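Examining the three-dimensional arrangement
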Amino acid sequence: MSATSDLLFAYLREIFYGTSQAKLEIEKLDEDFIVFSKTLMFFARCFEQYNHFANALAKGDLSAMPPPPENEIAAPLKSLHARLKHLTWQSKQVALGDYGQHVDFMGEFADGFNTIVEQLADRQQKLENEINQSKKHAKALEQSNLLLSSLTHYIPQQLFVVAAEKHEVLLFNNLAKKELYKDSDYVHKVMEKLPDPQSMNGSYYCEIKLGQGDAERYLEVNSYSIEWNRINAVALVINDISDERKQRLELEDKVYRDSLTRVYNRFYGMLTLSDWVEAKKRFALVFVDLDSLKYVNDAHGHNEGDEYIIRVSSHLAAFSPDAVVCRLGGDEFMLLIPDINNDGAHNHMAKISDAIENDEYLIGKGFRYSISYGIVAVDEKNDMPSSNILSVADERMYEHKRLRKKERRDQSDS
């Protein structure tokens, strides 16, 4: 009896402190404990499955396979797993602009989540309304300008009649006169932006840009082919829309830009990703995560943490002028790079990663910068939805992070 007790106690200890190595030699037990020992072994299997599943959830691995139905002790964990997966799906839907998501479990977390979603929906709606009003205003202004230009010579826009061949100014109104006074080459610069008068086919509308930097202006130009005193000419009705364009860009900037880094935000990034996938565009998606941002915030203050985020975003923006760089939130970024393959993206990201780690700002600091990233190359044969592409890149990023941590441990051990 004492030997049986010792064996069972040793087995129980192995279950709790080393489940996968636990072993019970049934043949050494008293016959009266055979049935009990088999039940105990079944409990050990259930406990091992429970422990493995619990460790996976603790690491945030929602792809872990739940224990089988007969494992009743894991039922609460399986319920939590299902709810976390659903919450993850809901979060992704919110990222895609679906603000109808609502969480009715998890207590205070649910209240916070629902409040954030409601605030995002309200802010997004207000900003979209402002943009739509701005666009309607611009459209109404365009239509009224065309109407006025056809009714009277004395319109509140610049009016020029210009010889089609030599661009000689034949007529101008008071507003146009002010422009000529400021710049005698004004009409010539405008005509250079327009197609040949012979190809206008009666009328032509466009928006053009003149000047650079502080002198940059945007003009709305309606041009009409006419005959003036038996000379082939062009009538130009010009409206300066620089202020309207600036206001529109400022509104769009609020909707599409991250306030801290000035790169694009999640909303714009997910819209672009969906558009590229739908258009069967060839591109690479890079999911980037900042390493040890929490440590920098906790040990050196949030100002240093913000500087970390800003400097990494600046390095990422140097990838390519064609790349769309988005801050998904917190310490996560997404790059969308057109017309590049997997190797090309990896080569570029290796250089950027090296530049981040050697940022001159780190000189004399008590910490370092580094990033982990995952890359998914997409071509015209792609059949994955945008959410799956982002999820695959996220998984590859975590794999990259794990490999780099292992390399550092191996280096420190050696």
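Residues numbered from 1 in each chain as written. Predicted model: local features only at pLDDT ≥ 70, side-chain atom pairs only at ≥ 80, totals over all residues. Heavy atoms only, no water.

**Brief notes about the overall build of the chain**
Counting secondary structure elements, the chain contains twelve helices and ten strands. Relative to its full complement of 414 residues, the chain shows a buried share of 37%. A fraction of 54% describes how many contacts in the chain between residues 6 or more apart in sequence connect residues 24 or more apart. (Helix = DSSP H or I, 4+ residues; strand = E, 2+ residues; numbered from the N terminus. Buried < 20%, exposed > 50% of the residue type's maximum accessible area, 1.4 Å probe, protein only. Contact = heavy atoms within 4.5 Å.)

**Focus on the pairing of strand β8 (residues 324-329)**
Judged by how many residues are buried, β8 sits mostly within the fold: five of six residues are covered. Of the strand pairs in this sheet, strand β6 (residues 264-265) and β8 are connected by two bridges, and their pairing is parallel. Each bridged residue has a counterpart across the sheet, and for N265 the counterpart in β8 is R327. Taken together, the five bridges between β8 and strand β9 (residues 332-338) define a ladder with antiparallel strand orientation. Each residue of the ladder has a partner; that of C326, found in β9, is M334. Joining the antiparallel neighbours β8 and β9 is a turn of two residues, in which G330 adopts a positive phi near 60 degrees. (Pairing = 2+ DSSP bridges.)

**Observations regarding the pattern of salt bridges**
Enumeration according to the criterion identifies 15 salt bridges in this entry. A salt bridge links K401 to D291; the shortest N-O distance between them is 2.5 Å. Of the two residues, K401 is situated in helix α12 (residues 386-413) and D291 in the loop between β7 (283-290) and α9 (293-300); the sequence distance between them amounts to 110 residues. For K401, a relative accessible area of 12% puts it in the buried group. Overall, the relative accessible area of 6% leaves D291 in the buried class. Across the pair E357 and R404 runs a salt bridge whose closest N-O atoms are separated by 3.4 Å. Placement of E357 in helix α11 (residues 342-357) and of R404 in helix α12 is noted, with a sequence separation of 47 residues between them. For E357, a relative accessible area of 34% corresponds to the partly exposed category. Classification of R404 by relative accessible area gives buried; the value is 12%. Shared partners join several salt bridges into a network, and the residues in it are D289, D291, E357, K401 and R404. (Salt bridge = Lys/Arg side-chain N within 4 Å of Asp/Glu carboxyl O.)

**Side note on unusual backbone geometry**
Positive phi, normally seen in glycine, also occurs at H167, with a value near 60 degrees. Here H167 is to be found in the loop between β1 (158-163) and β2 (169-172).

**Looking at the pairing of β1**
Of all the six residues making up β1, six are buried; the element is thus mostly covered by neighbouring parts of the structure. Neither face of β1 is open: one carries Q158, F160 and V162, the other L159, V161 and A163, and all of them are buried. Sheet topology places β1 next to strand β5 (residues 231-240); six bridges connect them, and they run antiparallel. Bridge pairing in β5 places V161 opposite A235. Note that β1 and β2 share three bridges and pair antiparallel. Paired with F160 across the bridge in β2 is F172. Counting the residues in the hairpin turn of β1 and β2 gives five residues, including H167, whose phi is positive at 60 degrees.

**Thoughts on the sheet that holds strand β3 (residues 203-210)**
Strand order in the open sheet made by the five strands is β2-β1-β5-β4-β3, with antiparallel pairing throughout. Of all the strands in the sheet, just β2 and β3 have a single pairing partner and so form its edges. Within this sheet the neighbouring strands show an average axis-to-axis angle of 25 degrees, counted without direction. Relative to β5, strand β4 (residues 217-228) is paired through ten bridges, and the arrangement is antiparallel. By the bridge assignment, V221 is partnered in β5 with I238. Each of β1, β2 and β4 touches helix α5 (residues 174-182); the most contacted strand, β1, lies at about 70 degrees to it. Of the strands in this sheet, β1, β2, β3, β4 and β5 are in contact with helix α6 (residues 186-193), which crosses β3 at around 115 degrees. (Axes fitted to C-alpha atoms, helices over the stretch in contact; angles between N-to-C directions.)

**A look at the environment of E244**
One can find E244 in helix α7 (residues 242-256). Sequence spacing of E244 and K135 is 109 residues, and the spatial spacing of their C-alpha atoms is 9.4 Å.

**Description of the packing of aromatic side chains**
In the structure shown here, the tally under the stated rule is seven aromatic pairs. Between the aromatic rings of Y264 and Y268, the centroid separation amounts to 3.9 Å while the plane-to-plane angle is 15 degrees, which identifies the pairing as stacked. With a centroid separation of 6.1 Å and 35 degrees between ring planes, the pair formed by F367 and Y369 is classed as tilted. Neither F367 nor Y369 differs from the other in exposure class; each is buried. One aromatic cluster is present, formed by Y256, Y264, F267 and Y268 through successive ring pairs. Against the face of Y264 rests R257, its NZ or CZ located 4.0 Å from the ring centre. (Phe/Tyr/Trp six-rings, centres within 6.5 Å; stacked < 30°, edge-to-face > 60°. Lys NZ or Arg CZ within 6 Å of the ring centre and 35° of its normal.)

**Topic: α6**
When we look at burial in α6, the residues that qualify are Y186, V187, V190 and M191. Buried positions in α6, seen along its axis, are confined to an arc of 130 degrees and lie on one side of it. Against β1, β2, α5, β3, β4 and β5 lie the buried residues of α6. (Arc of directions from axis to C-beta.)

**Quick notes on α11**
For α11, with 16 residues, the first-to-last C-alpha span of 22 Å sits near the 22 Å given by 1.5 Å per residue. If you follow the buried residues of α11, they end up packed against β7, α10 (302-317), β9 and β10 (371-378). Taking the backbone nitrogen of D343 as reference, a side-chain oxygen 3.4 Å away marks N341 as the first, capping residue of α11. (Expected span 1.5 Å × (residues − 1). Polar contact = N/O pair within 3.5 Å; in protein donor to acceptor, adjacent residues only side chain to side chain.)

Purely geometric numbers; function is a separate question.
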